[in-house]
Structures are given as structure tokens and as C-alpha cells.
Amino acid sequence: MAMATETPFHVLAVDDSLPDRKLIERLLKTSSFQVTTVDSGSKALEFLGIHGEDSSPPVPVHADQLEVAVNLIITDYCMPGMTGYDLLKKIKQESTSLRDIPVVIMSSENIPSRINRCLEEGADEFFLKPVRLSDMSKLKPHILKSRCKEHYHQEQHQQSDSNSNECSNPTNSSSSDKSISRKRKAEDNGEVLPQKNRSRRS
Amino acid sequence: MDYSNLRRQIFSMKKSLFDQGYLDEQFNQLEELQDDSSPNFVEEVVALFFKDSSRLLTNIEQALEKYPQDFYRLDSLVHQFKGSGSSIGALRMKNECSMFKAHCSDRNLEGCRRSLQKMKREHATLKQKLETYFQLLRQVGPRERAVNSWK
């Protein structure tokens, strides 16, 4: 497979709880991800090079300009100051490719309206805490899907065979995985989910 | 060295922690994450929990004294406690936190105070039991510890 010589995917994990940070780091490393952990939404934005409202950046930061590319962001929902939802919104409001980085929300509370709100704001996945090793296998399809979209936009006419091989399987499984996992989370409480609008803001 | 007695002790202690409801399946999940590259993971994450939760217990106690009508603040503090407790599989702690939160919803200050006392007792008990458990584990080598055969 073409993936063999690539560097591992890099996940930025955001959680204000120290034991939870250690746990998510271990889960991710065990699943062969490279991990950076931060304890707040504002530190996450800093890491991504996104500046706060009070200071405007001289130049918007693009995902490929980050010193270390971030392939996925996983964040706790309940955090003091900036919640995971606030962080998600800030990332999705970016005018650069940073907004295409997949975002996963974690929460210890199974609240369907909260889950829906996050998914509607553009979160790719919602994990109930405590997060388990089996949840980690849901991450890579989102990363591959976002990379396919990146490649498609950037190199529409230059896509190699290896890129399309990389894309075809994950695209098929991730959308069904996503709808299954969303349904599973919400159906536990007998809720019906609205259709998720996948189009990004342009 | 023959570890069979030690392993029996470890197995029996762990079984009793589960049977008595101190720990739940999440603790097994933690043990599955422990391997040669991270041989003390469980003990480390549990230590972080106790450090973090001791601080939270103090904050809850102070909040009950200084801001007894601020059930939102109390709920928020216990929510954190409950979350990290659940991450390490501390079942009894998690359940007592739920009780506390229910008292907050009912704006029942006395209920909150009683619940806090229970939480402190559960916290101390679990800490002591897990310390004993990890002491036993330390007597076997890391290779033995990494083996899941006594699950």
C-alpha cells in the first residue's frame, strides 16, 4: 500500500482534564497516531496559528503552512472558557484549509441536541466518554476523506492512481460509518437525526 | 521465580474490586492500553486522577462553604470529577457524583453535603485499594504485568 512510507497522522487532542488527556494520548499513540495534547481551546487555536478576536493575524494560516501538519482535531466538549463547540465553530469559520481539518467532539454526556448541534456545525464524529480503543478506528477514514478532498481541489487533473486507490475505499466506508455512528448515538434516546448538510461555507 | 501465588492474589484482588463495584469495565480498557512501550500506564493515569480529584474535592468543599447557593458551580465541579472518575473506571465514585448532581438539581444543600462526605470516603477507599493493587503488581516484573492473562 502507498501508505507504508508516510509519516503517521498527527492528531491534536484538546481536554482540560489531565487524566483524560493522558488517556486520549495513549489511545491515539496505541493506534499509531502522532499526538499533541493541549489543555484548552485557546491553546489549540494558538497551536493551529489561528488568532483570537482581539488580534488579527497578518496573513491567514493555511493547514500546509503549519510547522507540523494537523490531520485531525479531537476535543472535549465541556471545557472552561472556550467549549469544544466554540472551538469547532472557530475552526470552521476559517477562510483557509484549516477549516477542512476533521474535528471530533468527545463528551461524557449523551445529549442528542448537543450531538446534533456539533454535527450540524461541521463536526465529523461525536464520541461518548470514556473513549475506547475501538473508537480510534473511526478516525482514519475522516482523515483520508479530508485529504482526498484536498487533493481533489488542488490537483484535480493530476490525481495519480495511488491517490485514487487511497480514496476509494475510505470514502465508501466513512460515510456509512458516520451515518451509523451518528444514528447509534442518537437512537439510544429515540431521537431522529436531521440530514447532515455536508457542504462547507465558501 | 514462581509468580503463581502472587498472580492468584492479584487476580483475586482485582475480582473483588469489580465484584464490590469499585471498578468497572473501563479499568480493563486501561489495562489493555498498557504494554512494553508504556509499562506503567495504568498506575500513572490513576495517579493523575487522584491528584486531580483531590484538588476538585477541596474545591467542592470550599464552594459548599463559600457559595452554598451556587448549585451551578457545584454541579460544574462535580461534573469534572465524575468525568475523570469514569475515565479510569471508578464506578462507585461515578455513581456518588451522579447523586451529588441530583442534589444540585434539587437545590438540596444538605444532600450535597452528605454526598460530598460519601465521595470523600469512596475516594480514600479506592485510593488505598488501588495502591495495594499496584504494589502487588510491582512485585511481578513488567513483562508479567503486561500479560492480560489474569483478566
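Computed from a predicted structure; not experimentally measured.

### What to know about the UniProt feature "coiled-coil region" (unreviewed entry) in chain B
Link 1 in the chain: Here, the residues flagged by UniProt with the feature "coiled-coil region" (unreviewed entry) are residues 109-136 of chain B.
Link 2 in the chain: Segment residues 109-136 of chain B splits into 100% helix and 0% strand. End C-alpha atoms: 41 Å apart.

### Quick notes on the UniProt feature "modified residue: Phosphohistidine" (unreviewed entry) in chain B
Link 1 in the chain: With numbering matched to this structure, UniProt assigns "modified residue: Phosphohistidine" (unreviewed entry) to B:His79.
Link 2 in the chain: With respect to the helices and strands, B:His79 occurs in helix α4 (residues 71-87).
Link 3 in the chain: Note on B:His79: relative accessible area 14%, which makes it buried.
Link 4 in the chain: Contacts of B:His79, omitting those with residues within four sequence positions, involve A:Cys78, A:Ser108, A:Glu109 and B:Lys101.

### With respect to the UniProt feature "modified residue: 4-aspartylphosphate" (unreviewed entry) in chain A
Residues and elements named next belong to chain A.
Link 1 in the chain: Within this numbering scheme, the UniProt entry marks Asp-76 as carrying the feature "modified residue: 4-aspartylphosphate" (unreviewed entry).
Link 2 in the chain: Along the polypeptide, Asp-76 turns up in strand β3 (residues 72-76).
Link 3 in the chain: A relative accessible area of 6% places Asp-76 in the buried class.
Link 4 in the chain: If sequence neighbours within four positions are ignored, Asp-76 has contacts with Val-14, Asp-15, Asp-16, Gly-84, Met-106, Ser-107 and Lys-129.

### Quick notes on helix α4 (residues 112-120) of chain A
Link 1 in the chain: The complete set of buried residues in α4(A) reads A:Pro112, A:Arg114, A:Ile115, A:Asn116, A:Cys118 and A:Leu119.
Link 2 in the chain: Looking one or two places after α4(A), you find A:Gly122, whose phi comes out positive at around 115°.

Definitions and limits used
- Residues numbered from 1 in each chain as written.
- Chains lettered and ligands numbered in written order.
- Predicted model: local features only at pLDDT ≥ 70, side-chain atom pairs only at ≥ 80, totals over all residues.
- Heavy atoms only, no water.
- UniProt positions renumbered as here; feature names shortened; annotations may be inferred.
- Helix = DSSP H or I, 4+ residues; strand = E, 2+ residues; numbered from the N terminus.
- Buried < 20%, exposed > 50% of the residue type's maximum accessible area, 1.4 Å probe, protein only.
- Contact = heavy atoms within 4.5 Å.

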